[in-house]
Amino acid sequence: MDKSLQLSNISSLLTKYCKKDEILTFKSNCNSAPVYGFLLNPKYNLKEQLLSSYSSVVQSETDKLQFYFDKERDQLGKSIYHQGGAFYIMDPSSSIISLYLDRLLNDDAFVFDMCAAPGGKSISLSFRNPDRLILANDISFTRAKEIYRNVERLGLTNILTTSYDPVKMPYFLADCIILDAPCSSSGMFRKEPKMLDDWSEEKVQRLLPIQEQLLDTAYEHLRKGGVLAYSTCSLSIEEDEKQVQKFLNKHKDCELIEIDLTDKMVPGKNHIGIHLIPAIYKGEGIYFALIKKKGEEIIDKSEIKYSKSKIKSPYKTFTYKSKEYLLTKMYESIKNLNYLAPGLKIYDDSEYAKCPFDHAYSKVSQDIEQIEINEEQAKAYFNGEEIHVKSDKHGLIIVTYQSLRLGFGKLVNGRIKNYLPKGLRMSL
C-alpha cells in the first residue's frame, strides 16, 4: 500500500481520543526520526562517562535512569559500554511504565511479566529495585533466550526466565502482572517502517480475542490488592481503551488506577489509560493502563532451602537440573517451573570448556581477581584477541573496563588468554 495512504489510515486512529492540534502535530511529524533512549544500569552508574563520551546523550529531567540519544550520531549499541552492561537500550515510552509501577509496588513485590521478550519492562523494573523477584516469560523460546542474554549482560540476579504459553502457565499468584500484549504495532511505524505495510484493521480484529484471553489469564494470576499493567504499542482504541473497559466490565472487582499526567501525555477516551503519541511525547507510540484488583490478599513468599556452594557470593544458590545458579531469591510457589535460566549460571558444563565458570558468573563473582584494561584493549577483547598487560599475576581473572565486567580470561606471563564465548565476540 502507498505509504502516504497508510499514514493517513494510522492518523485516523487518533481522531477518537486526540485533540485537533495533537492530530496536526502528529501528521506534521510522521516522517521525523524515531526517538531512541536507554536506561542506566545502577550497578555501574557510568553516567558521567557516557555524557562525556557521546555528544548526543541527554538525561531525562523526570527520570534519573532515563537518557536519550541520537542513533545516527552515536552508535551506542555497538559500544563497549553496551556490551559490558552499562545500560539497556529501550524506547522511552515503554520505560515509563516501570517508573509508575515502581511507585506503586512494595520493595518485596513479586512480578510476573507475561509476554516479556526481549525483557525491557522486566529489566527496567529490576533497575529501579533489585530486591523484587521478577518472572519474565515469553511464549517464543527463541525470544525468551533473548531475555536471558540481556539479563546476563546486565548482571541481574532477580529476573527468572521461562518460556510458556501464558494461558497454560502453572498456577501461582503475583503482586504485579505486566502484560505487554501482542498487538497491531501501529505506534512503532517510525522505528519499524515495515509496520506500515503490515498494519490493517483485519490484523487489529484478529488480535483482539488473544488480548482478551491474556487479560483474563492475568486476572487469574493477580492477587487481591495487586496491580495489572496492560500495554500495547498500538494507536487503535479497540486494542486499548475498549479492551480495558471490556475487562473491567467482566471483572467487577477491578478498578483503574489514576495516572498523573504530564502535558505531553494524551488521556485515553473516557480517561481510560494513557496514550503516548509519536511527535507529541518524546518516544514512540505506546498505550498503557494500570488496574488494581480490589481487596487484600497475602500470597505465599516462603523461600526455598538454598543449595550450598563452594563459591563466595552475596547471592543465593539454586540448583536446577543439576546446574547451579545465583539469584536474589526463589519462592516455593514457583520453584518447580520449567526455566530457561533461574538466575545467573555459575559453572560452564559444556564439553571441552576452557573456563570452569559460565560467562554469566563473571558479572557477579566476588572471589576472582579483576584486571582493568583500556579502551583499545577492551575492543580487542570483544574481538576475541589476546591482551598483553603489565602484571606478574597468574591464573583466572575477570577483565574489566571502567568497572564494567566484560568476562573471563586467563593471565599467563602478562598475556590474557581470551575466554569470552564466541557467540558474544564482535568488532566494536
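This text gives an overview of the structure that appears in the document. Please read all numbers here as calculations on a predicted model, not as lab measurements.

The rules behind the values
- Residues numbered from 1 in each chain as written.
- Predicted model: local features only at pLDDT ≥ 70, side-chain atom pairs only at ≥ 80, totals over all residues.
- Heavy atoms only, no water.
- Buried < 20%, exposed > 50% of the residue type's maximum accessible area, 1.4 Å probe, protein only.
- Helix = DSSP H or I, 4+ residues; strand = E, 2+ residues; numbered from the N terminus.
- Pairing = 2+ DSSP bridges.
- Expected span 1.5 Å × (residues − 1).
- Bend = angle between axes of the 7 residues up to and from the residue.
- Core = buried A, V, L, I, M, F, W, Y, C linked by side-chain atoms within 4.5 Å.
- Contact = heavy atoms within 4.5 Å.
- Salt bridge = Lys/Arg side-chain N within 4 Å of Asp/Glu carboxyl O.

Regarding the pairing of strand S13 (residues 286-293)
- By the criterion of burial, S13 is predominantly enclosed, with 7 of the 8 residues buried.
- The pairing of strand S9 (residues 222-232) with S13 spans 6 bridges and is classified as antiparallel. Looking at the pairing, Thr232 lines up with Tyr287 of S13.
- The sheet contact formed by strand S10 (residues 254-256) and S13 spans 3 bridges and is antiparallel.

Points about unusual backbone geometry
- Residues Ala117 and Pro118 are joined by a peptide bond in cis, for which omega reads 0°.
- Looking at where Pro118 falls in the secondary structure, it is placed in the loop between strand S5 (110-113) and helix H6 (120-128).
- A positive phi angle, close to 60°, is found at Asn270, a residue other than glycine.
- Along the polypeptide, Asn270 turns up in the loop between strand S11 (266-267) and strand S12 (274-276).
- Backbone geometry at Lys321 places phi at a positive 50°, although glycine is not the residue there.

Side note on helix H9 (residues 201-221)
- For H9, with 21 residues, the first-to-last C-alpha span of 31 Å sits near the 30 Å given by 1.5 Å per residue.
- Within H9, the axis deviates most sharply at Leu207, by approximately 30°, and proline Pro209 lies no more than four positions further along.

Re the nonpolar core
- Core analysis: the largest hydrophobic core is formed by 127 residues, its most contacted members being Leu101, Ile334 and Leu406.
- Here this core gets 6 residues from one element, more than from any other, and that element is S13.
- If we ignore the near neighbours within four places in the chain, the residues touching Leu101 are Leu125, Cys176, Ile178, Val227, Ala229 and Leu290.
- In terms of nonpolar packing, the next biggest core, distinct from the first, is built from 17 residues, Ile10, Leu13, Leu196 and Leu235 among them.

Let's talk about the pattern of salt bridges
- Here the structure, examined in full by the defined rule, presents 21 salt bridges.
- Where Lys121 meets Asp180, a salt bridge forms, and the shortest distance between an N and an O atom there is 3.2 Å. With Lys121 in helix H6 and Asp180 in strand S8 (residues 174-180), this residue pair connects regions lying 59 residues apart in the sequence.
- As a salt-bridge pair, Lys246 and Glu212 come within 3.0 Å of each other at their nearest N and O atoms. One end of the pair, Lys246, is in helix H10 (residues 241-250); the other, Glu212, is in helix H9, with 34 residues separating them in the sequence.
- The exposure class assigned to Lys246 is partly exposed, which follows from its relative accessible area of 43%.
- Each of the salt bridges in this network shares a partner with another, and the network as a whole consists of Asp108, Asp175, Arg223, Glu296 and Lys301.

Read these as layout, nothing more, since geometry by itself doesn't imply function.
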